[in-house]
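Residue strings, one per chain:
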Amino acid sequence: MRSGAGVFRPAETTLVGGYTTIQAAINDATTLNGYVVRVDAGTYNEKLSVNKSLYIRGTEATCILDGAGLGNGSGITITNATTDVSISGLTVRNHAGTGPNSFAGIYAVGGNNNLSVENCTIRDNLGGSGFYANGPVDIVTLNNLEVFGHTNVAGAARGIVIWNGLKSNITISNCDVYNNNCCGIELQDGTSTGVTMSNNNVYDNGDNGIGIVGMEGPGANLISYNTLTNNGRFGIEVKNSNGSGANSGSGSIVVQNNTVSRTNPIGAEVRDIVGIAVMRRGVLVGNVDVPTGVVVTGNTVSGYVQPSTSDGFGIVIGGTNHTVTGNTVSGNDVGIQQQAGHTPYPGDGDQSNLADLYFGRDNSPITCGNDISGNTLSNTLNTRDVAGPFGNGFVQNTNTGKLSALSPPPSTTPPPSTVTPWPSPPVPIPKTSTL
């Protein structure tokens, strides 16, 4: 048997073919859906295209897929609508691209349901992202990954990103994601449900640590026990949420027990910065206009200080029916802020360095029905309400329990040209009169 890659039939332990390249093992007509491609230790100077439902197994640090000198192209491309792919035990490095939304260390083209990537290192794939998948997609599991070194040579590069459409049943856990130009871990554009992000260590990424757009039911969504340190402007961004407001169960959105901090000065960045933000931003078809129903509890947020005209915030919320409780928020310019009415609206709020009180990235039009209580606060200013206005109370749907804010009532005075004064004194009407 030649060293390189071999193929196992399902439920068997006998190697049925030996190949000098991994791609040759994939391409062999006898390699069928459900087979295992075993990759021996070594450095493979190749790019892979996976168009079958395969388990690709390597030995991690000693099994290297190296793209040096091969020109542009993702390290591993999972072709359109290829499902049930599992990759583990590989280091994918030095692959090049011309744009981080078109190339990546591992790139899933679209419709790649039931995709698993575990125990891999994805690094230094310049001109691309680390891991990129296109939605809509159902069931993606990323576990125990180390993802770093994706620069802005061809645009804003993320460490891990799933983009577009409905992203359902997404689990990202136990990953170290760091030193990526734009963002650490993101679910971008569209909607998402059944999201679990837990026990990730995310640090020194250029813009945010974790960003999630459009979380909603029917699945439960939980962002918990992550450590986020020195990630550009934002620790955790929760955008355009449509949650139940509950602590668990269908449609819940819970941000819980995360540690979010800045230990280094923000440097040349002069815009607003924040540890955890629940906000309206980048609303597309399918997103709610007013964020609702997020629980932010048990988090530790510290060190968001902005020496410019702008501010550093611990936690910011915009929208309705949120709960912010049991958090420890310290060493920030503003500890907890709820806000409404930033402009322009619709579209996105002005996030430039403005001399105002708003967290510029959020422009929720109304904010009310929120519970902010039981937090431990030690900041320059512990709490602040910035309203434009918050609204005039809320109504509750008795079927779902969801709260919705009421806008201030319009004026009841007709225009001056149509005012008809009541006769004074009133004309008496005899009791026996017939009307």
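Values in this document were obtained by computation on a predicted structure and should not be read as measured data.

Draft legend 1. Here's a closer look at the side chain of Thr323. Structurally, Thr323 is set in strand β31 (residues 323–325). Its relative accessible area of 19% is what places Thr323 among the buried residues. What Thr323 contacts, discounting residues up to four positions off in sequence, is Val294, Val295, Val296 and Asp371.

Draft legend 2. Here's a closer look at the confidence of the model for the chain. A residue-level look at the chain finds 86% of positions with pLDDT of 70 or above and a mean pLDDT of 90. When the criterion is pLDDT under 50, residues 11–16 qualifies, and its contacts beyond four places in sequence or with other chains add up to 10 contacts. Across residues 408–435, where pLDDT falls below 50, the model places 6 contacts with residues more than four positions away in sequence or in other chains.

Draft legend 3. Just the nonpolar core, in detail. Ranked by internal contacts, the top residues of the largest apolar core, which has 69 residues, are Val37, Ile76, Ile87 and Phe131. Sort the elements by how many residues they give to this core and strand β14 (residues 137–148) lands first, with 5 residues. Among residues more than four places away in sequence, those in contact with Phe131 are Ala104, Ile106, Leu115, Val117, Ile122, Val140, Leu142, Gly159, Ile160, Val161 and Ile162. Within the second largest apolar cluster, 8 residues are counted, among which are Val274, Ala277, Phe313 and Phe359.

Draft legend 4. Representation of the pattern of salt bridges. The tally for this structure, following the rule as stated, stands at 11 salt bridges. A salt bridge links Asp40 to Arg38; the shortest N-O distance between them is 3.0 Å. On the basis of relative accessibility, which here comes to 29%, the residue Arg38 falls in the partly exposed class. When salt bridges with common partners are traced through the structure, they connect Glu237, Lys239 and Arg361 into a single cluster.

Draft legend 5. Main features of the pairing of strand β15 (residues 158–163). Summarising burial for β15: 6 of the 6 residues are buried, a large majority. Sheet analysis places strand β13 (residues 129–134) next to β15, joined by 4 bridges and oriented parallel. The residue of β15 that forms the bridge with Ala133 is Ile162. Here 5 bridges tie β15 to strand β18 (residues 183–188), and the two strands are oriented parallel to one another. Directly across from Ile162, in β18, lies its bridge partner Leu187.

Draft legend 6. Fine view of the environment of Tyr132. With respect to the helices and strands, the residue Tyr132 is situated in strand β13. If we ignore the near neighbours within four places in the chain, the residues touching Tyr132 are Pro100, Asn101, Ala104, Ile106, Tyr107, Ala108, Val161, Trp163 and Asn164. Here Asn134 takes part through its side chain, which lies 3.5 Å from a polar atom of the side chain of Tyr132.

Draft legend 7. Representation of the packing of aromatic side chains within the structure. Throughout the structure, instances matching the rule amount to 6 aromatic pairs. A ring pair is formed by Phe234 and Phe359, whose centres lie 6.2 Å apart and whose planes are at 85°; its orientation type is edge-to-face. Placement of Phe234 in strand β24 (residues 234–239) and of Phe359 in the loop between β33 (334–339) and β34 (371–373) is noted, with a sequence separation of 125 residues between them. Summarising the burial analysis for this pair, Phe234 and Phe359 share the class buried. Pairwise contacts between aromatic rings join Tyr107, Tyr132 and Trp163 into one cluster.

Rules used throughout
- Residues numbered from 1 in each chain as written.
- Predicted model: local features only at pLDDT ≥ 70, side-chain atom pairs only at ≥ 80, totals over all residues.
- Heavy atoms only, no water.
- Helix = DSSP H or I, 4+ residues; strand = E, 2+ residues; numbered from the N terminus.
- Buried < 20%, exposed > 50% of the residue type's maximum accessible area, 1.4 Å probe, protein only.
- Contact = heavy atoms within 4.5 Å.
- pLDDT = per-residue confidence, 0-100.
- Core = buried A, V, L, I, M, F, W, Y, C linked by side-chain atoms within 4.5 Å.
- Salt bridge = Lys/Arg side-chain N within 4 Å of Asp/Glu carboxyl O.
- Pairing = 2+ DSSP bridges.
- Polar contact = N/O pair within 3.5 Å; in protein donor to acceptor, adjacent residues only side chain to side chain.
- Phe/Tyr/Trp six-rings, centres within 6.5 Å; stacked < 30°, edge-to-face > 60°.

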